[in-house]
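Chains, contacts and geometry: an overview
Residue-level listing of the chains:
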Amino acid sequence: MDETTSEIYELVKTKVEEQGAYDLDAFQEIVNETIDFFLERGKLSDEDNIEFIKDELLTMRELLQDEAAHDE
């Protein structure tokens, strides 16, 4: 995972934990919002492989769920 994707993941993780948004639809929405935020700020561009980044983040969803289950 590159540096930008790591930054996106950390922000997604924070939002998911704050909102308890572990189901797939909510998680995808947070990923999309966060990527849009990075695009608006110029940290990502249309030249970046956005779909790959989204797929990579979506695979991390299970890790977040596991972490949340262990914290309970």
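The structure this text deals with has already been given above.
Residues numbered from 1 in each chain as written. Predicted model: local features only at pLDDT ≥ 70, side-chain atom pairs only at ≥ 80, totals over all residues. Heavy atoms only, no water.

Attention now goes to the pattern of salt bridges. If you walk through the whole model with that rule in mind, you get three salt bridges. Residue Glu7 pairs with Lys43 through a salt bridge whose shortest N-O separation is 3.1 Å. You can see Glu7 sitting in helix 1 (residues 3-19) and its partner Lys43 sitting in the loop between helix 2 (24-40) and helix 3 (50-59), a full 36 residues away along the chain. Judged by relative accessible area, which is 47%, Lys43 ranks as partly exposed. The salt bridge partner of Lys54 is Glu51, with a shortest N-O separation of 3.9 Å. Taken together, the residues span about one helical turn, with Lys54 and Glu51 both in helix 3 at a distance of three residues. Taking the relative accessible area as the measure of exposure, Lys54 reaches 21% and is therefore partly exposed. Relative accessible area serves as the criterion here: at 49%, Glu51 is assigned to the partly exposed category. (Salt bridge = Lys/Arg side-chain N within 4 Å of Asp/Glu carboxyl O. Helix = DSSP H or I, 4+ residues; strand = E, 2+ residues; numbered from the N terminus. Buried < 20%, exposed > 50% of the residue type's maximum accessible area, 1.4 Å probe, protein only.)

Everything listed is a geometric property; what it means functionally is a separate question.
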